[in-house]
Amino acid sequence: MLAASSWFMHPLRVRYQETDQMGVVFHGNYVTWFEIGRTEWIRNAGYNYKDIEERGLLLPVVDLQCRYVLPARYDDTILVCTRIAACTPVRVTFESQVRRVEESDFQAAEIAAGEQLPGELLVEGGTKHVWVNTEWQPARVNKVMPDLYHLLTK
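In this report, the structure presented in the accompanying data block is examined. Everything quoted here is computed from the prediction, not taken from an experiment. (Residues numbered from 1 in each chain as written. Predicted model: local features only at pLDDT ≥ 70, side-chain atom pairs only at ≥ 80, totals over all residues. Heavy atoms only, no water.)

In terms of nonpolar packing, the biggest core is built from 22 residues, with Trp41, Ile52, Ile84, Trp131, Leu148 and Leu152 touching the most fellow members. Residue assignment for this core shows that the elements contributing at least two residues are helix 1 (29–44), helix 2 (49–54), strand 3 (77–87), strand 4 (91–100) and helix 4 (146–153). Here the element with the most residues in this core is helix 4; it accounts for three residues. Those residues within four positions of tryptophan 41 in sequence are excluded, and the remaining contacts are Leu2, Ala3, Ala4, Ser6, Phe8, Thr82, Arg83, Ile84, Phe94, Leu151 and Leu152. One finds Val14, Val25, Ile78 and Val123 within the second-largest nonpolar core, a separate group that totals twelve residues. (Core = buried A, V, L, I, M, F, W, Y, C linked by side-chain atoms within 4.5 Å. Buried < 20%, exposed > 50% of the residue type's maximum accessible area, 1.4 Å probe, protein only. Helix = DSSP H or I, 4+ residues; strand = E, 2+ residues; numbered from the N terminus. Contact = heavy atoms within 4.5 Å.)

As C-alpha coordinates, this is what we get:
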(Lines give C-alpha, C1' and ligand atoms only; values in the text may rest on other atoms or scores of the structure.)
Protein backbone atom coordinates (compact mmCIF):
# COMPACT_ATOMS: atom_id res chain seq x y z
CA MET A 1 0.00 0.00 0.00
CA LEU A 2 1.18 3.52 -0.83
CA ALA A 3 2.91 5.30 2.07
CA ALA A 4 2.08 8.96 2.62
CA SER A 5 5.70 9.97 2.11
CA SER A 6 5.95 8.02 -1.17
CA TRP A 7 5.60 9.80 -4.47
CA PHE A 8 2.91 8.68 -6.88
CA MET A 9 3.77 9.57 -10.46
CA HIS A 10 0.91 10.03 -12.93
CA PRO A 11 1.81 10.32 -16.64
CA LEU A 12 0.38 13.05 -18.88
CA ARG A 13 1.22 14.09 -22.41
CA VAL A 14 1.03 17.83 -23.04
CA ARG A 15 -1.87 18.59 -25.37
CA TYR A 16 -1.79 21.40 -27.92
CA GLN A 17 -4.74 23.12 -26.23
CA GLU A 18 -2.68 23.46 -23.03
CA THR A 19 -0.07 25.66 -24.71
CA ASP A 20 -0.13 29.40 -25.29
CA GLN A 21 1.04 31.66 -28.12
CA MET A 22 4.65 31.24 -26.94
CA GLY A 23 4.39 27.48 -27.49
CA VAL A 24 4.68 26.60 -23.82
CA VAL A 25 2.15 25.28 -21.35
CA PHE A 26 -0.03 28.08 -20.00
CA HIS A 27 0.88 28.58 -16.34
CA GLY A 28 -2.65 27.91 -15.03
CA ASN A 29 -2.59 24.34 -16.36
CA TYR A 30 -0.05 23.33 -13.72
CA VAL A 31 -2.67 23.97 -11.03
CA THR A 32 -5.00 21.56 -12.83
CA TRP A 33 -2.17 19.05 -13.07
CA PHE A 34 -1.56 19.38 -9.30
CA GLU A 35 -5.25 18.49 -8.81
CA ILE A 36 -4.93 15.50 -11.14
CA GLY A 37 -1.90 14.39 -9.12
CA ARG A 38 -3.83 14.60 -5.82
CA THR A 39 -6.78 12.70 -7.26
CA GLU A 40 -4.56 9.97 -8.65
CA TRP A 41 -2.51 9.75 -5.44
CA ILE A 42 -5.73 9.12 -3.48
CA ARG A 43 -6.98 6.64 -6.11
CA ASN A 44 -3.69 4.74 -6.09
CA ALA A 45 -3.94 4.54 -2.29
CA GLY A 46 -7.29 2.73 -2.62
CA TYR A 47 -9.74 5.63 -2.21
CA ASN A 48 -11.40 8.17 -4.46
CA TYR A 49 -12.80 11.62 -3.90
CA LYS A 50 -16.32 10.53 -4.81
CA ASP A 51 -16.43 8.00 -1.95
CA ILE A 52 -14.82 10.46 0.47
CA GLU A 53 -17.40 13.11 -0.43
CA GLU A 54 -20.22 10.57 -0.04
CA ARG A 55 -18.98 10.12 3.54
CA GLY A 56 -19.56 13.86 4.08
CA LEU A 57 -15.98 15.11 3.77
CA LEU A 58 -14.87 17.86 1.41
CA LEU A 59 -11.29 19.02 0.90
CA PRO A 60 -11.07 22.61 -0.36
CA VAL A 61 -7.74 24.19 -1.26
CA VAL A 62 -6.76 26.97 1.16
CA ASP A 63 -3.24 27.66 -0.12
CA LEU A 64 -1.35 27.08 -3.36
CA GLN A 65 2.38 27.30 -3.99
CA CYS A 66 3.84 27.01 -7.47
CA ARG A 67 7.40 27.69 -8.64
CA TYR A 68 8.11 27.54 -12.35
CA VAL A 69 11.57 26.24 -13.24
CA LEU A 70 11.34 25.29 -16.92
CA PRO A 71 8.46 25.30 -19.41
CA ALA A 72 6.65 22.22 -20.67
CA ARG A 73 5.88 22.21 -24.38
CA TYR A 74 3.41 20.55 -26.70
CA ASP A 75 3.71 16.74 -26.81
CA ASP A 76 6.17 16.55 -23.90
CA THR A 77 5.81 13.43 -21.79
CA ILE A 78 5.51 14.52 -18.18
CA LEU A 79 4.94 12.97 -14.80
CA VAL A 80 2.86 14.70 -12.16
CA CYS A 81 4.54 13.58 -8.93
CA THR A 82 2.54 13.89 -5.73
CA ARG A 83 2.97 12.97 -2.07
CA ILE A 84 1.71 13.96 1.36
CA ALA A 85 3.95 16.61 2.92
CA ALA A 86 2.00 17.01 6.19
CA CYS A 87 -1.24 15.85 7.74
CA THR A 88 -3.26 16.54 10.88
CA PRO A 89 -6.85 15.50 11.63
CA VAL A 90 -8.14 18.74 10.01
CA ARG A 91 -5.46 19.68 7.45
CA VAL A 92 -3.47 17.98 4.72
CA THR A 93 -0.66 19.32 2.53
CA PHE A 94 0.27 17.77 -0.80
CA GLU A 95 3.68 18.31 -2.37
CA SER A 96 3.79 18.29 -6.17
CA GLN A 97 6.35 18.25 -8.95
CA VAL A 98 5.89 18.21 -12.70
CA ARG A 99 8.80 16.51 -14.46
CA ARG A 100 9.62 16.00 -18.14
CA VAL A 101 10.61 12.38 -18.80
CA GLU A 102 11.68 10.15 -21.65
CA GLU A 103 9.19 7.65 -23.07
CA SER A 104 10.89 4.87 -21.08
CA ASP A 105 9.84 6.57 -17.79
CA PHE A 106 6.39 7.61 -19.03
CA GLN A 107 4.26 5.40 -16.79
CA ALA A 108 2.39 5.51 -13.51
CA ALA A 109 4.60 4.38 -10.65
CA GLU A 110 5.36 4.80 -6.97
CA ILE A 111 8.71 6.05 -5.72
CA ALA A 112 9.67 5.66 -2.06
CA ALA A 113 10.66 8.73 -0.08
CA GLY A 114 14.33 9.47 -0.51
CA GLU A 115 14.57 7.91 -3.97
CA GLN A 116 15.40 10.08 -6.99
CA LEU A 117 12.47 11.09 -9.17
CA PRO A 118 13.03 10.58 -12.90
CA GLY A 119 13.37 13.30 -15.47
CA GLU A 120 13.82 17.04 -15.42
CA LEU A 121 12.06 19.29 -12.89
CA LEU A 122 9.72 21.78 -14.58
CA VAL A 123 7.47 22.97 -11.75
CA GLU A 124 7.31 22.38 -8.01
CA GLY A 125 4.88 23.39 -5.34
CA GLY A 126 1.86 22.06 -3.60
CA THR A 127 -1.50 22.71 -2.04
CA LYS A 128 -2.81 22.96 1.52
CA HIS A 129 -6.32 21.80 2.33
CA VAL A 130 -8.77 21.79 5.23
CA TRP A 131 -11.24 18.96 5.82
CA VAL A 132 -14.80 20.29 6.07
CA ASN A 133 -18.25 18.74 6.22
CA THR A 134 -21.07 19.44 3.77
CA GLU A 135 -21.95 22.60 5.75
CA TRP A 136 -18.35 23.80 5.26
CA GLN A 137 -17.57 23.44 8.97
CA PRO A 138 -14.18 21.99 9.96
CA ALA A 139 -14.26 18.21 10.17
CA ARG A 140 -11.84 15.69 11.66
CA VAL A 141 -10.90 13.06 9.10
CA ASN A 142 -9.63 10.80 11.92
CA LYS A 143 -13.20 10.63 13.29
CA VAL A 144 -15.11 10.32 10.01
CA MET A 145 -12.66 8.05 8.15
CA PRO A 146 -10.00 6.79 10.56
CA ASP A 147 -8.65 4.35 7.96
CA LEU A 148 -8.00 7.22 5.53
CA TYR A 149 -6.37 9.29 8.27
CA HIS A 150 -4.07 6.37 9.10
CA LEU A 151 -3.07 6.12 5.44
CA LEU A 152 -2.36 9.87 5.22
CA THR A 153 -0.11 9.83 8.30
CA LYS A 154 1.88 6.62 7.86
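So, on to helix 4. For helix 4, the complete set of buried residues consists of Leu148, Leu151 and Leu152. Projection of helix 4 onto a plane perpendicular to its axis shows the buried side chains occupying an angular sector of 95°, all on one side. Those residues of helix 4 that are buried are in contact with helix 1, helix 2, strand 3 and helix 3 (141–144). (Arc of directions from axis to C-beta.)

You can see arginine 83 is positioned in strand 3. As a C-alpha pair, arginine 83 and glutamate 40 span 43 residues in sequence and 10 Å in three-dimensional space. Leave out the neighbours within four places in its chain, and arginine 83 touches Ala4, Ser5, Ser6, Trp7, Trp41, Thr93, Phe94, Glu95 and Ala113.

With that out of the way, let us pick up helix 1. With 16 residues, helix 1 should cover 22 Å at 1.5 Å per step; its first-to-last C-alpha distance of 22 Å lies within 8% of that length. Residues Asn29, Tyr30, Trp33, Phe34, Gly37, Arg38, Thr39, Glu40, Trp41 and Ile42 constitute the buried set of helix 1. Backbone geometry just after helix 1 places glycine 46 at a positive phi near 100°. (Expected span 1.5 Å × (residues − 1).)

Let's shift gears to the pairing of strand 3. Most of strand 3 is tucked away: nine of the eleven residues are buried. Bridging between strand 1 (residues 7–13) and strand 3 involves six bridges; their strand directions are antiparallel. Paired with proline 11 across the two strands is leucine 79, which belongs to strand 3. Pairing of strand 3 with strand 4 involves nine bridges; the strand directions are antiparallel. By the bridge assignment for strand 4, alanine 86 is matched with threonine 93. Between strand 3 and strand 4, which follow one another and run antiparallel, lie three residues. (Pairing = 2+ DSSP bridges.)

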